[in-house]
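So the chains spell out like this:
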Amino acid sequence: MLTQVPMPVHRPNTNGNVTPNVSMDLDSKAVTPTAGGVKTSSRLRRGDTRTAVIVYGPGQEKIVSTFADVLGKPFRLADNFQGIVTAEQEIVLGVSAESARVSVATRDRKAMVAIHAHNVDLGMPPDTYLSAHCDYEFLYTETLFFRRDLARFISFTLGQIMLLRQRTELPIIYTTRCTRENGRFPMDNPELFYEYLYRAIQWGVEYIDVEVWLPEEIRQKLYENRGNSHIMSAFHDFSGNFKWPSAYAQSVFVESCKYAHIVKMITVINDHNDNFELEYFRSKIRAEYPTSPPFSAVNMGETGQISRTFNKVFTPITHPLLPIIAAPGQMSAAEINAALASLGQLPKSNIYGIITSSSRIQVPHAPFYEKCFNELGLPHHFAVVERQTKGPLSIEAWCNQRSFGGAYLNPAVSFTSLMHHSTFFSKLNNGTGPTLTEAVHMIGMVDTIVVQSGPTSSPGSAPSSMPSSPNRRNESSFGPTPNNTYGFPASSSLLFDNASWRGIVSTLTRDLAPSAYFGRTAVVLASNADDAASALYALKALRVGKVYTVGFKTPPALARSFEVEPFNSLESLQRARAMGDDAGPFVLVSALGPEKSSLVGMLVRLFGGARGSSSQIRKVFLDLADGPRKGDPGAIAEQCGFAAYGVADTTAFTTAETVRLLVGQNVPYSFVRLTSGKGMF
Ligand SMILES: O=C1C[C@@](O)(C(=O)O)C[C@@H](O)[C@@H]1O
């Protein structure tokens, strides 16, 4: 299923609080996709530094080692909470449920974070005393996806709604809808709402929907104890008498802002004009409360459907495969996009995959993009075009079109060669040139060109600032050669980005929490700095402490990010090998070509060791080589106790990132991986 990108919600509130003040952020991934914008900062948050104590059920000791594996730390079983001292921060501890029951309540909460791990096959519900007294709760089953669920759970905070998590990569919104607002939750006991909603926070649900009618103390208490979850204030009016221009509407909005990262107001309307009144309300509150949280508002019923196409924040959608719609008038993402396209609000644009003759051997991308656009109701065209590798790059010819909607470059092209002799690129932005993300500044390689809306286009609209008539767009032919009849609009601009480093981060954190890499040592192999740069930047984002390099000189901008030591002699290699697990290499990334696979295999052997030899830490190996090779360094790595990942993983994550950057939509990694003709794991 394909869905719109969620909005980040870290904004100041009208009550003056800057949100969110993360208190239980064990290991958040701060690389959040943004709607209509591109986040340029890269560092992943360090998260909670307290000792993680896993409370395990009878016969479930293994879950402690799995937690340790995901956190990249060793583990030990402790007798009870009292014996645990702060010095044990670098170790994951396990306490049995039985002894936790007598010691959890009196633990030092500043020094340790307690996670109640419960295998649901042993029965439900989990021990309610432990659920209430632990900071987080991890429900699990022994499935294929289990480890990945755990990595996601830890990466967000520590918590999850197990079954839903196993079925979607998207963030979850947890709702307790009251009887007055079309739900089943009784309204006579607000404490019950607190109990359920707080449990969702403990499970690490990303968004908690809190109805605004709830007593202020309950809303405030949830807001203050929100952990790393985001609070969405919810208001639904089914009376049919609600009026957007009323003082009441404004007061509901103001009240909602008090304890929320997002304000949601949904009403039933009777008159089509109420849609225009809602749009007026939207613009008015944006002007009057510029620092208020993002506002999500739609009118229900068929009469209100158009408001679902105007709303740009957390638009509730249905899907054709769902048995019923959740509210009158709900539309699918494809229906909303198709409606926008037919109203000229989502103009058809041409999106390119710009490749070289040698990158043609890879999986054909056109059918994949066409499928995505089709499924999402996007009117865009996608074409793979080939560029010359010798002489002028001619990439600008594809971009300098009226209906240019963005491109990916495979292989990536250095920023310097893109700008070389390009009057088109240098004239952008009134002569200041394209906008660069921090990643491009540091890596120097561009693999994604994103169209940025000009000032004339509607805020939050699709990443395009083309004229609004789709018919006009049809005038330009879309063939294998660029069509320069209509040049790129002067009001628009381009953003140069790099999606590959995010693909690498996502691969490295697929089964491990980002904090597993914090302060650790890496080895990077590449035959030149350009090939190594994305991996180095990914390691910088993961806050790796030291990098040993093989085969290239680290670019100065990246060399400042960590300690760098080239392996230039056998002695330096031996020294690194002799280090203990803490200082020795934890992660190996090879960007060498397939023809160098024996060398890679040799290094993997050198730094590997049978699992469990000196500690329980499992190291990580990522091979970015593509194409046929002699020997498989990945297989060697696995034999040597590494968790091994290959280029197919990184390519799928990078493609998901590219789609997000180009059309602002989330395509799940698993979908990309399956459509590339391979199994998921
Ligand atoms: O808040 C909302 C939005 C909604 O009411 C809609 O109109 O799409 C549907 C509800 O299920 C959800 O909780």
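Coordinates for the structure precede this section.
In this text the structure is predicted, and so the values were computed from the model without any measurement. (Residues numbered from 1 in each chain as written. Predicted model: local features only at pLDDT ≥ 70, side-chain atom pairs only at ≥ 80, totals over all residues. Heavy atoms only, no water.)

**A look at the pairing of strand β21 (residues 585–590)**
Within β21, 6 of the 6 residues are buried, leaving the element largely enclosed by the surrounding structure. Both strand β18 (residues 521–525) and β21 contribute to a ladder of 5 bridges, which runs parallel. Opposite Leu525, over in β21, you have Ser590 as the bridge partner. With 4 bridges joining them, β21 and strand β22 (residues 619–623) adopt parallel strand pairing. Bridging from a neighbouring strand, Leu588 pairs with Phe621 of β22. (Buried < 20%, exposed > 50% of the residue type's maximum accessible area, 1.4 Å probe, protein only. Helix = DSSP H or I, 4+ residues; strand = E, 2+ residues; numbered from the N terminus. Pairing = 2+ DSSP bridges.)

**Focus on the pairing of strand β8 (residues 207–211)**
Of all the 5 residues making up β8, 5 are buried; the element is thus mostly covered by neighbouring parts of the structure. Alternating residues of β8 divide into Tyr207, Asp209 and Glu211 and Ile208 and Val210, and every residue in both groups is buried. Relative to β8, strand β7 (residues 173–175) runs parallel, the two being bridged by 3 bridges. Bridge pairing in β8 places Tyr174 opposite Ile208. Regarding topology, helix α6 (residues 190–202) serves as the crossover connection from β7 to the parallel β8, and that connection is right-handed. Sheet topology places β8 next to strand β9 (residues 230–237); 5 bridges connect them, and they run parallel. The partner of Val210 across the bridge, within β9, is Ser233. (Right-handed = clockwise from strand over helix to strand, strands pointing away.)

**A short note on the site of the ligand**
Close contacts around the ligand come from Arg177, His236, Lys264, Ile266, Met300, Arg308, Pro316, Ala326, Ala327 and Gln330, and that covers them all. Here an oxygen atom of the ligand sits 2.6 Å away from a polar atom, N or O, in the side chain of Arg177. Contact between the ligand and Lys264: an oxygen atom at 2.6 Å from a side-chain N or O atom of the residue. Protein chains shield 85% of the accessible area of the ligand, which is 320 Å² for the free molecule. Along the lines of polarity and charge, the residues of the shell around the ligand split into 5 nonpolar, 2 polar and 3 charged. (Near = heavy atom within 4 Å. Polar contact = N/O pair within 3.5 Å; in protein donor to acceptor, adjacent residues only side chain to side chain. Areas by Shrake-Rupley, 256 points an atom, 1.4 Å probe, with all protein chains shown as cover. Nonpolar A, V, L, I, M, F, W, Y, C, P; charged D, E, K, R; others polar.)

**Here's the deal with empty space enclosed by the protein**
Under the counting rule described, the total for this entry stands at 5 cavities of 30 Å³ or more. Of the voids in this model, the second largest cavity is the one considered here, and its volume is about 60 Å³. In terms of lining, the second largest cavity is formed by Val210, Val212, Arg219, Leu222, Ile231, Ser233, Ser256 and Tyr259. The class makeup of the residues in the lining of the second largest cavity is 5 nonpolar, 2 polar and 1 charged. (1 Å grid on protein atoms, 1.4 Å probe; cavity = no way out; pocket = protein on both sides within 12 Å on 5 of 7 lines; lining within 4 Å. Points joined across faces, edges and corners; volume = space filled by probe spheres on them.)

**As for the nonpolar core**
Note that soluble globular proteins tend to have their nonpolar side chains buried in a common cluster. Of all hydrophobic cores here, the largest spans 38 residues; its most connected members are Leu508, Tyr517, Leu539 and Val587. At the level of elements, α16 (438–443), α18 (500–508), β18, α19 (529–541), β21, β22 and β23 (642–646) are the ones that each hand at least two residues to this core. By residue number, the principal contributor to this core is α19, which donates 8 residues. In terms of domain composition, this core takes at least three residues from each of domain 3 (347–454 + 485–497 + 655–676) and domain 4 (501–645). (Core = buried A, V, L, I, M, F, W, Y, C linked by side-chain atoms within 4.5 Å. Domains from an automatic or database assignment.)

**Points about the sheet that holds β18**
Pairing within the open sheet is parallel, and its 6 strands lie in the order β20-β19-β18-β21-β22-β23. This sheet does not close on itself; its edge strands, each paired only once, are β20 (563–566) and β23. Strand after strand, the sheet turns through a mean of 20° between neighbouring axes, direction not considered. Of the strands in this sheet, β18, β19 (546–550), β21, β22 and β23 touch helix α22 (residues 597–607), which is tilted by about 175° from β21. Its contacts with the sheet put helix α24 (residues 647–663) on β22 and β23, and the angle it makes with β23 is roughly 60°. (Axes fitted to C-alpha atoms, helices over the stretch in contact; angles between N-to-C directions. Contact = heavy atoms within 4.5 Å.)

**Overview of the side chain of Arg107**
Examined against the element boundaries, Arg107 turns out to sit in the loop between α2 (97–103) and β5 (112–119). Among the residues examined, Arg107 registers a relative accessible area of 6% and is labelled buried. A distance of 3.0 Å separates a polar atom in the side chain of Arg107 from the backbone oxygen of His133. When residues no more than four places from it in sequence are discounted, the contact partners of Arg107 are Phe81, Gln82, Met112, Ala114, His133, Cys134 and Asp135.

**A look at α19**
For α19, with 13 residues, the first-to-last C-alpha span of 18 Å sits near the 18 Å given by 1.5 Å per residue. Counting buried positions along α19 yields 10 of 13 residues, so the element is predominantly enclosed. Among the residues of α19, Ala532, Ala533, Ser534, Ala535, Leu536, Tyr537, Ala538, Leu539, Lys540 and Ala541 are the ones counted as buried. Among the structural elements, α16, α18, β18, β19, α20 (556–559) and β21 are those in contact with the buried residues of α19. Arg543 sits one or two residues past α19 and shows a positive phi near 60°. (Expected span 1.5 Å × (residues − 1).)

**Describing the packing of α18 against α24**
Two elements in contact, α18 and α24, have axes separated by 8 Å at closest approach and are oriented at 130°. Taken together, α18 and α24 sit at an angle that is classed as oblique. Taken as a pair, α18 and α24 cross one another with a handedness that is right-handed. When α18 is examined against α24, the residues Ser500, Arg502, Gly503, Ile504, Ser506 and Thr507 are found in contact with a partner set consisting of Asp649, Thr650, Phe653, Thr654, Glu657 and Leu661. (Parallel < 35°, antiparallel > 145°, perpendicular 65-115°, else oblique. Left-handed = near helix turned anticlockwise from the far one by under 90°.)

**Some remarks on the pattern of salt bridges**
Counted according to the given criterion, the structure contains 26 salt bridges. One salt bridge connects Asp127 with Arg101, and the closest N-O pair in it is separated by 2.6 Å. On the criterion of sequence distance, the pair formed by Asp127 in the loop between β5 and α3 (128–133) and Arg101 in helix α2 is long-range, its members being 26 residues apart. Glu255 is the partner of Arg219 in a salt bridge, and the nearest nitrogen-oxygen pair spans 2.8 Å. With Arg219 in helix α7 (residues 216–224) and Glu255 in helix α8 (residues 247–257), this pair connects stretches of sequence that are 36 residues apart. Taking relative accessible area as the criterion, Glu255 reaches 24% and is therefore assigned partly exposed. Through salt bridges that share partners, Arg177, Asp209, Glu211 and Lys264 make up one connected network. (Salt bridge = Lys/Arg side-chain N within 4 Å of Asp/Glu carboxyl O.)

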